Amino acid sequence: MTAVLLAFGACETVLWRVRKGRAPPQCRAFAVAAQTGIAVFMVGGSFVPWTYVEMIWHWVGLAIALRRI
């Protein structure tokens, strides 16, 4: 759960940087897409056992990598 919250925070950091002009405007779309993907997998994953929701870790990794870029 902590990793998911950190991923959301990473996306918010990217959105803040775009608003301040410190990141390219295209990064806004990537950050919003990552947040949406994480939310979708969290909701969808609540209906199946946790072992079948490994794709959420890809979204978490992408969100954290986006902040680093």
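Because the structure is predicted, anything quoted here is derived from the model rather than measured. (Residues numbered from 1 in each chain as written. Predicted model: local features only at pLDDT ≥ 70, side-chain atom pairs only at ≥ 80, totals over all residues. Heavy atoms only, no water.)

> So what's going on with the nonpolar core? Residues and values would help.
Among the nonpolar cores identified, the biggest contains 16 residues, and Val14, Ala31, Ile38, Ile56 and Ala63 are the most heavily contacted of them. For this core, the elements supplying multiple residues, two or more each, are α1 (2-20), α2 (26-45) and α3 (55-68). Ranked by residues supplied to this core, first place goes to α1 with 6 residues. With residues near it in sequence (within four places) discarded, Ala31 still touches Cys11, Val14, Leu15 and Leu66. (Core = buried A, V, L, I, M, F, W, Y, C linked by side-chain atoms within 4.5 Å. Buried < 20%, exposed > 50% of the residue type's maximum accessible area, 1.4 Å probe, protein only. Helix = DSSP H or I, 4+ residues; strand = E, 2+ residues; numbered from the N terminus. Contact = heavy atoms within 4.5 Å.)

> With reference to specific residues and values, describe the packing of α2 against α3.
One way to put it is that α2 packs onto α3 with a least axis distance of 9 Å and a crossing angle of 155 degrees. On the basis of the axis angle, α2 is roughly antiparallel to α3. Between α2 and α3 the crossing geometry is left-handed. Where α2 abuts α3, its residues Cys27, Phe30, Ala31, Ala33, Ala34, Gly37, Ile38, Phe41 and Met42 lie against Met55, Ile56, Trp59, Val60, Ala63 and Leu66. Class assignment of the residues belonging to the contact of α2 with α3 gives a composition of 14 nonpolar, 1 polar and no charged. (Axes fitted to C-alpha atoms, helices over the stretch in contact; angles between N-to-C directions. Parallel < 35°, antiparallel > 145°, perpendicular 65-115°, else oblique. Left-handed = near helix turned anticlockwise from the far one by under 90°. Nonpolar A, V, L, I, M, F, W, Y, C, P; charged D, E, K, R; others polar.)

Keep in mind these numbers describe shape, not what the thing actually does.
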